[in-house]
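Each chain, written out:
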Amino acid sequence: EPEVTQTPSHQVTQMGQEVILRCVPISNHLYFYWYRQILGQKVEFLVSFYNNEISEKSEIFDDQFSVERPDGSNFTLKIRSTKLEDSAMYFCARGGGPGETQYFGPGTRLLVL
Amino acid sequence: GQNIDQPTEMTATEGAIVQINCTYQTSGFNGLFWYQQHAGEAPTFLSYNVLDGLEEKGRFSSFLSRSKGYSYLLLKELQMKDSASYLCAVRDRTGNQFYFGTGTSLTVIP
């Protein structure tokens, strides 16, 4: 049974449109992360959540991005006004805080045309 | 800045042992993680070290030397299914951010 599920598995959008990616952790944890991986490149940290608040953001995570936990369980990553270079795999991960292992969700493949 | 270095590619023979090295220079440290990633899939957690020494988990072992900024992943009794990319990642001091290396693409040949 997966630790984390993500929807949708694939998303195709037009440049300039907004997309919302969803992450559903199976069990409650304090630490959650969003990452992206552009095809053929390394995994890049976007943002971390601790105890329902953003705890750290990378330089990539600019005003175009936002995260929410609207219902106390699901996480969403919103990308406003998508650009071609936003095309990537987006992974949600749970755990990874001090003393914790980290488990990645299966990812959402985003393609911006 | 944060710097995580791994070899880009390695090839090894089925049944053999392979060691994948990772060196890091980060402003803070609170653990080093190893992941396996098959093409088109999510990273899968393999092991992590926060203290110096060797951690063993079946066919996989990971070693850490914090004073040298160095870790390695040891894979024993290689199988064809071990062909994948192996990612080294450092957790920062607060535990709130991870820095990944570019990954080592391992090819296991018969």
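Summary of the structure given here.

The rules behind each value
- Residues numbered from 1 in each chain as written.
- Chains lettered and ligands numbered in written order.
- Predicted model: local features only at pLDDT ≥ 70, side-chain atom pairs only at ≥ 80, totals over all residues.
- Heavy atoms only, no water.
- Contact = heavy atoms within 4.5 Å.
- Buried area = accessible area lost by both parts, 1.4 Å probe.
- Salt bridge = Lys/Arg side-chain N within 4 Å of Asp/Glu carboxyl O.
- Polar contact = N/O pair within 3.5 Å; in protein donor to acceptor, adjacent residues only side chain to side chain.
- Helix = DSSP H or I, 4+ residues; strand = E, 2+ residues; numbered from the N terminus.
- Nonpolar A, V, L, I, M, F, W, Y, C, P; charged D, E, K, R; others polar.
- Disulfide = S-S within 2.5 Å.
- Buried < 20%, exposed > 50% of the residue type's maximum accessible area, 1.4 Å probe, protein only.
- Patch = residues over 30% accessible without salt bridge, like charges linked within 9 Å, V, L, I, M, F, W, Y side chains within 5 Å.
- Areas by Shrake-Rupley, 256 points an atom, 1.4 Å probe, with all protein chains shown as cover.

A few points about the interface of chain B and chain A
Counting residues at the interface gives 21 residues for chain B, matched by 23 residues for chain A. Summing both partners gives a buried area of about 1700 Å² for chain B against chain A, and 55% of it is carried by carbon and sulfur. One can count 0 salt bridges joining chain B with chain A. There are 4 residue pairs in polar contact (both at pLDDT 80 or more) connecting chain B and chain A. At the level of elements, β4 (32-37), β5 (44-49), β9 (84-91) and β10 (98-100) of chain B are the ones that each hand at least two residues to the side of chain B that touches chain A. Here the side of chain B that touches chain A is built from residues that sort into 9 nonpolar, 9 polar and 3 charged.

Some details on the state of the cysteines
For the structure shown, the criterion picks out 2 disulfides over all chains. In this model, Cys23(A) is linked to Cys92(A) through a disulfide, with the two sulfur atoms separated by 1.9 Å. One disulfide, between Cys23(A) and Cys92(A), carries an S-S torsion of -55° and so falls in the left-handed class. Linking Cys23(A) in strand β3 (residues 19-25) with Cys92(A) in strand β9 (residues 88-95), this pair joins segments that are 69 residues apart in sequence. A relative accessible area of 0% means that Cys23(A) is categorised as buried. The side chain of Cys22(B) participates in a disulfide bridge whose partner is Cys88(B); the two sulfur atoms lie 2.0 Å from each other. Across the disulfide from Cys22(B) to Cys88(B), rotation about the S-S bond amounts to roughly -65°, and the bridge is consequently left-handed. Pair noted here: Cys22(B) is in strand β3 (residues 18-25) and Cys88(B) is in strand β9, with a separation of 66 residues, a long-range link. Summarising the burial analysis for this pair, Cys22(B) and Cys88(B) share the class buried.

Comments concerning a nonpolar patch on the surface
On the surface, a nonpolar cluster with roughly 270 Å² of combined accessible area is contributed by Val12(A), Leu111(A) and Leu113(A). Given a relative accessible area of 48%, Leu113(A) falls into the partly exposed group.

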